[in-house]
Amino acid sequence: MRQFCVFGNPIAHSKSPLIHNFAFMSFANEIGFDGAYGRYLLSKGEALKEKFFDLKLFGANVTVPFKEYAYAQSDTQKGIAKAIGAVNTLVLENGSMVGYNTDAEGFYQTISPYGFQSALILGAGGSARALAHILKAQGIQTTIYNRTQERLKDLIQAGFTCYAMPEAIDQSFDLIINATPAGLKDNSLPLGADRLHQLFLSAKMAYDLIYGIPTPFLGLAKDLGVPIKDGKEMLLYQGALAFGLFCGQCVPLEAIISKMRLVL
């Protein structure tokens, strides 16, 4: 039995064990091993790598607020994770902890049908960075707004338009994304209600990476008649991509997505 988990804090809400355990059960013959996937409440990001090996894991996912810790502690990073500077998937490869990022492509799959031309990302953490890089790569004008200037320095160097509170934003966006934890454990908003109200007036969609709960961010957008989307679909797509890495890409991605969708 190979052990896998998701690291985060908070973590009790995570549905990753649901979709991954169903996939391990469904594809046991194809992947050639039995897998079990759980949750791990991590207190300190600095201990992530130590816990990965203490738990004898073959792979893991990483959620708020540890994706940048996962990047820093990976023995090596592969794919788009190098550009993003954040890791949400860890895989044991030849005794090393290798970091990947499936958030970026997983997110893009959920918005690609809409043809958005511009996006505003609220937040500058690991998830926000993944979204920013994939949106830019797809030719979507991307702006980032964060509480503090410090976390924006490398994003500015990478060519992104960035603002920090209390700077005002005098433009409109097709897509407004909450990539912060605001609303996950409380009734807070990622930005002042008045400013969000103005941004939503011209938006085509409000997207919250948080899933499974009615966040104040999406509630405000809905009240204004703006189409909304939570992070459920992103969880599905990034999870399927991560499962592919866990099992050595021996199961077609579409087959993984179809199975995971049945229980999500």
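Preceding this section is the structure that the text describes.
Residues numbered from 1 in each chain as written. Predicted model: local features only at pLDDT ≥ 70, side-chain atom pairs only at ≥ 80, totals over all residues. Heavy atoms only, no water.

Let us look at the overall build of the protein. From N to C terminus, the protein includes 12 helices and 12 strands. Here the C-alpha radius of gyration of the protein, 18 Å, is about what a compact globule of 264 residues would show, namely 18 Å. Seen along its three principal axes, the alpha-carbon backbone of the protein occupies a region of about 55 × 35 × 35 Å. Looking at the 264 residues of the protein, the share that counts as buried comes to 52%. Considering only contacts in the protein between residues 6 or more positions apart, those separated by 24 or more positions represent 62%. (Helix = DSSP H or I, 4+ residues; strand = E, 2+ residues; numbered from the N terminus. Rg over C-alpha atoms; globule rule 2.2 N^0.38 Å. Buried < 20%, exposed > 50% of the residue type's maximum accessible area, 1.4 Å probe, protein only. Contact = heavy atoms within 4.5 Å.)

A few words on the pairing of strand β6 (residues 96-100). Along a regular strand, successive side chains alternate from one face of the sheet to the other. Of all five residues that make up β6, four are buried, and the element is covered over most of its length. With two bridges connecting them, strand β4 (residues 76-77) and β6 associate as parallel partners. By the bridge assignment for β6, T76 is matched with V98. Two strands pair when backbone bridges link them, and strand β5 (residues 89-93) and β6 are joined in this way by five bridges, in the antiparallel orientation. Residue E93 lies in a different strand from β6, and its bridge partner there is S96. (Pairing = 2+ DSSP bridges.)

Moving on, we come to helix α9 (residues 193-200). For α9, the complete set of buried residues consists of L196, L199 and F200. Taken end-on, α9 shows its buried residues confined to a sector of 95°, consistent with a single buried face. Opposite the buried face of α9, at more than 90 degrees from it, the exposed residues are D194 and Q198. (Arc of directions from axis to C-beta.)

For the largest pocket, the calculated volume is near 430 Å³. Contributing to the lining of the largest pocket are 24 residues, with G125, R151, A179, T180 and P181 lying nearest its centre. Where the lining of the largest pocket is concerned, the elements lending two or more residues are α4 (67-73), α7 (126-137) and β8 (141-146). Class assignment for the residues of the lining of the largest pocket results in 12 nonpolar, eight polar and four charged. (1 Å grid on protein atoms, 1.4 Å probe; cavity = no way out; pocket = protein on both sides within 12 Å on 5 of 7 lines; lining within 4 Å. Points joined across faces, edges and corners; volume = space filled by probe spheres on them. Nonpolar A, V, L, I, M, F, W, Y, C, P; charged D, E, K, R; others polar.)

A few words on the packing of α9 against helix α10 (residues 216-223). Viewed as axis vectors pointing N to C, α9 and α10 meet at an angle of 50°, and their least axial separation amounts to 10 Å. As summarised for this structure, α9 and α10 are arranged oblique, according to the angle between their axes. The two elements α9 and α10 meet at a crossing, and its hand is right-handed. Of α10, the residues touching α9 (which contributes A193, L196, H197 and F200) are F217, L220 and A221. Here the residues of the contact of α9 with α10 sort into six nonpolar, one polar and no charged. (Axes fitted to C-alpha atoms, helices over the stretch in contact; angles between N-to-C directions. Parallel < 35°, antiparallel > 145°, perpendicular 65-115°, else oblique. Left-handed = near helix turned anticlockwise from the far one by under 90°.)

Purely geometric numbers; function is a separate question.
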